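What the coordinates show
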Amino acid sequence: MSPYDSDPADRLRADQVLAAAADGEDQAVEAALRPKLLDEFIGQERVREQLSLVLQAARKRGATPDHVLLSGPPGLGKTTLSMIIAAELGAPLRITSGPAIQHAGDLAAILSSLTEGEVLFLDEIHRMSRPAEEMLYLAMEDFRVDVIVGKGPGATAIPLELPPFTLVGATTRAGLLPPPLRDRFGFTGHMEFYAPSELERVVHRSAALLDVQIDPAGAAEIAGRSRGTPRIANRLLRRVRDYAQVRHDGVVDREIAAQALAVYEVDARGLDRLDRAVLDALLRLFGGGPVGLSTLAVAVGEEAETVEEVAEPFLVREGLLARTPRGRIATAAAWQHLGMVPPPQSPRGAVPGQPDLFGGASS
Ligand SMILES: Nc1ncnc2c1ncn2[C@@H]1O[C@H](COP(=O)(O)OP(=O)(O)OP(=O)(O)O)[C@@H](O)[C@H]1O
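Just so we're clear, the structure is a prediction, and the values are computed from it rather than from any experiment. (Residues numbered from 1 in each chain as written. Predicted model: local features only at pLDDT ≥ 70, side-chain atom pairs only at ≥ 80, totals over all residues.)

1. Brief notes about the overall build of the chain
Counting secondary structure elements, the chain contains 15 helices and 9 strands. Across the chain, the fraction of contacts at a sequence separation of at least 24, relative to all contacts at a separation of at least 6, is 67%. (Helix = DSSP H or I, 4+ residues; strand = E, 2+ residues; numbered from the N terminus. Contact = placed C-beta atoms within 7 Å.)

Now the structure itself:
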């Protein structure tokens, strides 16, 4: 969880897996597990190399680096990287988020209190209000804001100079950023899901910091169920640690990790309860689809947005579900994963599983 207040809906989205277990202690632990410097940051080789060049060049010139945009799904390390940028530059860091900036005045207050060289991290930048966005254009380009005094025809804009600063914007939806905003970033880092071997390194590193004894097979078991996401790897590790300490001697191996994750309903492929509920409804109630998103969401008792943004990206990436113009359909892998057999002769049974070009299941 990012260390500022966002609205509860955001928190739910970002922290979907084992959300109920994400208590205050977990958040404090998460902060303690963050890598502090670029060299400690595991994976994302390309972003790391590119960013390192941007920072080194700026340091060499004695200038403030260009604004940085980080895009990618939740939990991949955008907040962590913003902290690392500030640490590498030896600069102070200010953290806020798009939804926290309701009015342009909120942004003006933050910008006008920045010190020279400060790093401003703006998470969920795509959710900022339009007037604030427009104020940000000017601030990013000319280090200036126009403060509007008065209302109506008598309103006047008073220009206010800002010290040079570096904006680090983060977004899960780069496509939603208006082009004028996107263009004002000198560097964009696209964060990718992590490979299992990288997540194993994350698990080993975190286990060492948490003083948990874990063997390579145990780390691999956790990494394989972490949906390519370090935040989830860390959270699963903490739950496995709890299980190992309460029911065993605290040491984690493959068997203990598998048992613990079964208790927390995270299956061998990393699907959690919501993912499985979505697939289950799709197969059992709708014969594998196609079915509309809102119908599917009602069937699992969730908001359509939650199903679309939380469960589906992972299910699509895993090749278990396809989004088609006619609705959601299950692939053959989905039937297999839930141990079910598609209805015979069903044109909607998604056998052998890949959607055809027109959005239906191939036969
Ligand atoms: N490359 C990495 N190496 C080690 N740990 C990492 C790495 N990336 C992220 N983490 C860990 O994962 C957790 C989540 O990272 P972070 O909060 O930076 O993600 P985020 O992309 O900002 O997510 P959100 O957009 O939901 O705020 C952190 O506690 C951090 O310890």
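2. Side note on the UniProt feature "domain: AAA+ ATPase" (unreviewed entry) in the chain
Per the UniProt record, the feature "domain: AAA+ ATPase" (unreviewed entry) sits at residues 64-197. Structurally, residues 64-197 is divided into 30% helix and 27% strand, and its ends, taken at the C-alpha atoms, are 35 Å apart. (UniProt positions renumbered as here; feature names shortened; annotations may be inferred.)

3. Some thoughts on the sheet that holds strand β1 (residues 68-71)
The sheet built from 5 strands is open, its strands ordered β2-β3-β6-β1-β7 with parallel pairing. Two strands close off the open sheet at either side, each with one partner strand: β2 (93-97) and β7 (187-190). Put simply, the sheet's adjacent strands are angled 15° from each other on average, direction ignored. Across the face of the sheet, helix α4 (residues 78-89) comes into contact with β1, β2, β3 (119-123) and β6 (166-171) while running at roughly 175° to β3. (Pairing = 2+ DSSP bridges. Axes fitted to C-alpha atoms, helices over the stretch in contact; angles between N-to-C directions.)

4. Quick look at the pairing of strand β4 (residues 144-149)
With 6 bridges connecting them, β4 and strand β5 (residues 156-161) associate as antiparallel partners. Bridge pairing in β5 links valine 149 to threonine 156. The hairpin turn running from β4 into β5, its antiparallel successor, is 6 residues long, and glycine 150 in that turn takes a positive phi close to 85°.

5. Overview of the UniProt feature "binding site: ATP" (unreviewed entry) in the chain
According to UniProt, the "binding site: ATP" (unreviewed entry) feature falls on Leu33, Arg34, Gly75, Lys78, Thr79, Thr80, Glu141, Asp142, Phe143, Arg184, Tyr194 and Arg231. On the basis of their most widely separated C-alpha atoms, the annotated residues across 199 residues do not gather in one place, lying as much as 36.7 Å apart. For arginine 34, the location among the structural elements is in the loop between α2 (24-33) and α3 (45-61). Of the residues examined, arginine 34 has 17 C-beta atoms within 10 Å and is grouped as partly exposed. Aside from chain neighbours lying at most four places away, what touches arginine 34 is Thr80 and Met83. Structurally, glutamate 141 can be placed in helix α6 (residues 130-142). (Buried ≥ 20, exposed ≤ 12 C-beta atoms within 10 Å, placed from the backbone.)

6. Describing helix α14 (residues 304-317)
Over its 14 residues, α14 extends 19 Å from the first C-alpha to the last, a length consistent with the 20 Å expected when each residue adds 1.5 Å. Residues of α14 that are buried include every one of Val307, Val310, Ala311, Glu312, Phe314 and Leu315, and no others. Glycine 319 occupies a position one or two residues after α14 and carries a positive phi of about 70°. (Expected span 1.5 Å × (residues − 1).)

7. Observations regarding the site of the ligand
Neighbouring the ligand are 23 residues, the closest being Pro74, Gly77, Lys78, Thr79 and Thr80. Sorting the residues of the shell around the ligand by element identifies α2, α4 and α10 (230-247) as the ones contributing at least two each. When residues of the shell around the ligand are sorted by domain, at least three fall in each of domain 1 (34-190) and domain 2 (196-263). (Near = placed C-beta within 6 Å. Domains from an automatic or database assignment.)

8. Concerning the nonpolar core
Judged by nonpolar contacts, the single largest core of 38 residues is most densely connected at Leu107, Met135 and Val168. For this core, the secondary-structure elements that each account for two or more residues are α3, β1, α4, α5 (104-112), β3, α6 and β6. Of all hydrophobic cores here, the second largest spans 22 residues; its members include Ile214, Ile256, Ala257 and Leu261. (Core = buried A, V, L, I, M, F, W, Y, C linked by C-beta atoms within 7 Å.)

9. Looking at the pairing of strand β8 (residues 321-324)
As judged from the 4 bridges shared by β8 and strand β9 (residues 327-330), these two strands associate in the antiparallel manner. What sits directly across from alanine 322, in β9, is isoleucine 329. Taking the residues that link successive antiparallel strands as the turn, the β8-β9 hairpin has 2 residues.

10. Some words on unusual backbone geometry
A cis amide bond links glycine 289 with the next residue in sequence, proline 290, at an omega value of 5°. Within the element layout of this structure, proline 290 appears in the loop between α12 (273-284) and α13 (293-300). Backbone geometry at arginine 227 places phi at a positive 55°, although glycine is not the residue there. Mapped onto the fold, arginine 227 is located in the loop between α9 (216-224) and α10.

11. Section: α9
Burial in α9 covers these residues: Gly218, Ala219, Glu221, Ile222 and Ala223. Tucked into the core, α9 has its buried residues touching α8 (196-210), α10 and α11 (254-263).

12. Looking at the packing of α12 against α13
The geometry of α12 relative to α13 is characterised by a closest axis approach of 9 Å and an angle of 110° between their N-to-C directions. The angle between α12 and α13 places the two elements in the roughly perpendicular class. Of the two elements, α12 crosses α13, and the hand of that crossing is right-handed. Along its contact with α12, which presents Ala277, Val278, Ala281 and Leu282, the element α13 presents Leu296, Ala299 and Val300. Per-class residue counts for the contact of α12 with α13 are 7 nonpolar, no polar and no charged. (Parallel < 35°, antiparallel > 145°, perpendicular 65-115°, else oblique. Left-handed = near helix turned anticlockwise from the far one by under 90°. Nonpolar A, V, L, I, M, F, W, Y, C, P; charged D, E, K, R; others polar.)

13. Details of the environment of glutamate 305
Mapped onto the elements of the fold, glutamate 305 is located in helix α14. Here glutamate 305 falls in the exposed class, since 12 other C-beta atoms lie within 10 Å of it. For the pair formed by glutamate 305 and glycine 339, sequence separation is 34 residues and the distance between their alpha carbons is 28 Å.

14. Concerning the confidence of the model for the chain
For the chain, the mean per-residue pLDDT works out to 85, and 88% of the residues sit at or above 70. Here residues 1-22 scores under 50 on pLDDT; set against residues more than four positions off or in separate chains, the count is 38 contacts. Here residues 349-363 is modelled with pLDDT under 50, and outside its nearest four sequence neighbours on either side it reaches 36 contacts, counting other chains as well. (pLDDT = per-residue confidence, 0-100.)

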